[in-house]
Amino acid sequence: MIDRTPENVLRVSVCDEGELEKTTSHLIGTRKIEPEQWITWASECKYLPESDAVALCATLIDRLSLEANVVPVSSPVTICGDIHGQFYDLLELFKTGGTVPNTKYVFMGDYVDRGHYSLETVTLLFCLLLKYPNHITLLRGNHESRRISNVYGFYDECQNKYGHGNVHKWFCKVFDVLPIGALIDDSVICVHGGLSPDIRTIDSLMLLDRAQEVPNKGPLCDIMWSDPDDDVEDWVISQRGAGFVFGARVTEEFLLNNNLSLLCRSHQLVDEGFKYMFNEKLATVWSAPNYCYRCGNAAAVFEIDGNSRSTKYFNAVPDGSREKPDRVVAPYFL
Amino acid sequence: MSGKAYMAPEKKIKNVFDLNPWYFSKAYEEYLAFLHRLNDSVIGVHTTADIRCSPLVIDFIDMLDSLEKWIDKIPLEEVSEQRFGNKAYRHFYERLCKEAPELLQQVLPAEAHDAIIELVTYFTESFGNATRIDYGSGHEANFLIFLFCLQKIGVFNNEDNQVLVLRIFNKYLRVCRHLQTKFKMEPAGSRGVHAIDDFQFAPFIFGSAQLIGSKNLVPDSYLKKTVVEAHAHTSLFLDCVNFINQTKTGPFHEHSNQLWNISAVPHWKKVNSGMFKMYEGEVLKKFPVVQHMFFGSLFSFDRSENVKETNEEDIQPPQNSGMPPRAPAQHGMFAFKIPSVANSSTVRSATVVESGDLRSLHTHKHPEEHCPPPMAEP
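Residues numbered from 1 in each chain as written. Chains lettered and ligands numbered in written order. Predicted model: local features only at pLDDT ≥ 70, side-chain atom pairs only at ≥ 80, totals over all residues.

Under an unreviewed UniProt entry, chain B has the name Serine/threonine-protein phosphatase 2A activator and belongs to Caenorhabditis brenneri. One UniProt comment on chain B, placed under Catalytic activity (unreviewed entry), says "[protein]-peptidylproline (omega=180) = [protein]-peptidylproline (omega=0)". According to the UniProt record, the Sequence similarities (unreviewed entry) comment for chain B reads "Belongs to the PTPA-type PPIase family." (UniProt positions renumbered as here; feature names shortened; annotations may be inferred.)

Going by what an unreviewed UniProt entry lists, chain A is known as Serine/threonine-protein phosphatase and is assigned to Caenorhabditis brenneri. Under the UniProt heading Sequence similarities (unreviewed entry), the note attached to chain A is "Belongs to the PPP phosphatase family."

In structure tokens:
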């Protein structure tokens, strides 16, 4: 029995709780939680029936609400960067790095938007999280938000595939409670974007109220939006419109203050899939090959086992090994 | 048009509540009618058809050609890990802003010179945004508005419609593609794989009109690369698909899912009418696109006289369920929606946006995608 006293439960009531619950509450509990069945479907690039998707989300929200902002993970572990709805490339990632639960994974966010299979991708990852909570950690990226996923594709996809926006709302409620950091062996910190001038210690990261839409500014926003830059000393406002650009000095200071050896993040495309900066104090991992179907880049996963670190690379799956969907004509053309 | 007071165009659509006046404006009505005129003029006409070009048109094309030459001369800036937006684009844009009034003065007849103050805004806005180094259907619309204004002041007349589409607009497309590829411009406000194309929209409208009545090409044909290659010169539609095939890799049904879906439509006529509805629904009625539009005396935000007097209720801001009064019937997945507002009641942070805080940060370039500016709160 999970202890759901108020102190233990994060505030999840981010959005129109009442309305959403009213319209879909009948779906919770009407379906059995069937992780094996769902994983089978999701692995075949299928998305779940609406009631199952809602049940999946509701269960994950209950569970993730009890997690800390920064979750401890012990090595050996494989760290992955942005996926962006590239479902078949995610399968390739699992081929490269090993399957769950044989390999323990930390994903650093940005599962949705841009690619064609955001829904299927996030469904598979959520199902794996449901079945193997100790073998997969999903962090929140800047695309795991309503404001961004409304614009960059995930919302449209849910709208098209379910015919309405309810499931998108449920997924966003899960996004609200995803942890924002992972701490590996008390030595490597993983976040989606980078540092914030308001955050000097892991402890202060722990104290943020994360159960909300990603704000436009402030530490929670910075963690998911910031980028490192060689030419910057400490902090410069980011031209992305959110977050900061941070330099080597503040990175080293943060690592030193918290007794860490490496800051691991994704958020920026690196052509080779993996890149060290700041004298190997910061690593960028990118796991979406041929990003946006045009960049022609490679992708990588980063393995940490105690003191040894290694990188595995993979490329986009060839066209032939992907399913071709049916054509669905938009109502404009009927 | 003599004696008309021209003015520097201004932005009028500041928040979603300004959308309704926009639907009722002279600009909206006249622009759409203009697009229909252009569209109808090229039905069944090949891009390479023999059409008469006046000296003025030739001058125009030469002027666009000179822009293209600038692009070649600008050296790229070294990029490290950025995938979008080479900063060298800013040199092009700077030069465009500086020289545009003079360029227009050179090509336009003397009686149109007074209007340059309005025209130049639309012209410079046509080639992308220098802050974000992006390009999208909004920029494309600016060029069409530029042509619309030229027709309104009598520089071009209705006989020129074919030439406007197949020569001038076509030339404009080349320039833009050159910009997009050379400077790796970002698709503006990209909806990724769910939009019809990363950059353009109008050529799909005009191009589908060109294909109406085609004996050997049905919509399904454009899924074949070789067919597209062989016929790209005949229609702007196929030309665009060809450009996609050249610039994107991976399966067509993934990276261009909308086009993949549309290929199942049986007739070009249906494609053409659908494109118009989609253009209204996805471009002209989308706040993120039209918030950047400029209005002046030619492209006027004034209420259209053809709109019947309505009672207060009709001028209410559009709600989720409320169809914009003049919208054509739309159903289902792309039915009119204003995502930001539809969700503003549901998103806690959206209600605490201090106006301008993020937008003011948008004054410099960005390396990748953006945090979209907060939708203006009423």
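Don't stop here, the text continues.
All names here are of chain A. Relative to the assigned elements, Gly141 resides in the loop between β4 (136–138) and α6 (146–151). Its 31 C-beta neighbours within 10 Å are what place Gly141 among the buried residues. Along the primary structure Gly141 and Leu178 are separated by 37 residues, whereas in three dimensions their C-alpha atoms are 9.2 Å apart. Among all residues touching Gly141, those that are not within four sequence positions of it are Asp82, Met108, Gly109, Asp110, His192 and Met224. (Helix = DSSP H or I, 4+ residues; strand = E, 2+ residues; numbered from the N terminus. Buried ≥ 20, exposed ≤ 12 C-beta atoms within 10 Å, placed from the backbone. Contact = placed C-beta atoms within 7 Å.)

A separate point is the pairing of strand β10 (residues 262–265) of chain A. Residue and element names in this part refer to chain A. Residues Leu262 and Cys264 line one face of β10 and the alternating positions Leu263 and Arg265 line the opposite face, and both faces are buried. Judged from the 3 bridges that link them, strand β6 (residues 188–190) and β10 form a sheet pairing that is parallel. Bridge pairing in β10 links Cys190 to Cys264. By the bridge criterion, 3 bridges tie β10 to strand β12 (residues 282–285) in an arrangement that is parallel. Within β12, the residue paired with Cys264 across the bridge is Ala283. (Pairing = 2+ DSSP bridges.)

A word on the UniProt feature "domain: Serine/threonine specific protein phosphatases" (unreviewed entry) in chain A. Taking the numbering used here, the UniProt-annotated feature "domain: Serine/threonine specific protein phosphatases" (unreviewed entry) corresponds to residues 139–144 of chain A. Split by type, residues 139–144 of chain A is 0% helix and 0% strand. Its first and last C-alpha atoms lie 9 Å apart.

Residue and element names in this part refer to chain B. Chain-level pLDDT for chain B is 82 on average; 78% of the residues reach the 70-or-more range. Under a pLDDT of 50 for its full length, residues 311–368 has, in the predicted model, 105 contacts with residues more than four places off or in other chains. In the model, residues 374–378 has pLDDT below 50 throughout and makes 15 contacts with residues more than four positions away in sequence or in other chains. Across the whole predicted complex the pTM is 0.80, and at the interface the ipTM reaches 0.76. (pLDDT = per-residue confidence, 0-100.)

Right, let's talk about the pairing of strand β13 (residues 299–305) of chain A for a bit. Residues and elements named next belong to chain A. Most of β13 sits out of view: 5 of its 7 residues are buried. In this sheet, β13 lies alongside strand β2 (residues 77–80) in antiparallel orientation, the contact comprising 4 bridges. If you follow Cys80 over to β13, its bridge partner there is Val301. As judged from the 7 bridges shared by β13 and strand β14 (residues 308–314), these two strands associate in the antiparallel manner. Along β14, the bridge assignment pairs Ala300 with Tyr313. In sequence, β13 turns back onto β14 through a hairpin of 2 residues, with Gly306 there showing a positive phi of about 60 degrees.

As a further point, take the sheet that holds β10 of chain A. Residues and elements named next belong to chain A. The strand order across the open sheet built from 6 strands is β1-β5-β6-β10-β12-β11, with neighbouring strands paired in mixed fashion. Two strands bound the open sheet, and with one partner strand each, they are β1 (70–73) and β11 (274–277). Averaged over all pairs of adjacent strands, the angle between their axes in this sheet comes to 20 degrees, without regard to strand direction. (Axes fitted to C-alpha atoms, helices over the stretch in contact; angles between N-to-C directions.)

With that out of the way, let us pick up the nonpolar core. Core analysis: the biggest nonpolar cluster contains 100 residues, and Ile79, Cys190 and Val285 of chain A have the highest contact counts within it. For this core, the element with the highest residue contribution is helix α5 (residues 118–131) of chain A, accounting for 9 residues. When near neighbours in sequence (up to four residues on either side) are disregarded, Val285 of chain A contacts Ile79, Cys80, Gly81, Met108, Cys264, Ser266, Phe274, Ala300, Val301 and Phe302 of chain A. Counting 89 residues, the second-largest nonpolar core is a separate cluster that includes Phe92, Val228, Leu238 and Met293 of chain B. (Core = buried A, V, L, I, M, F, W, Y, C linked by C-beta atoms within 7 Å.)

For any two helices packed against each other, the geometry comes down to the angle between their axes and how far apart the axes lie. Residue and element names in this part refer to chain B. Taken N-terminus to C-terminus, the directions of helix α3 (residues 55–73) and helix α4 (residues 89–107) make an angle of 160 degrees; their axes are 11 Å apart at the nearest point. Compared by their axis directions, α3 and α4 come out roughly antiparallel. Our pair here, α3 against α4, has a crossing hand that is right-handed. Contacts between α3 and α4 involve Asp59, Phe60, Met63, Trp70 and Ile71 on the former and, on the latter, Phe92, Arg95, Leu103 and Val107. Among the residues forming the contact of α3 with α4, the class breakdown is 7 nonpolar, no polar and 2 charged. (Parallel < 35°, antiparallel > 145°, perpendicular 65-115°, else oblique. Left-handed = near helix turned anticlockwise from the far one by under 90°. Nonpolar A, V, L, I, M, F, W, Y, C, P; charged D, E, K, R; others polar.)

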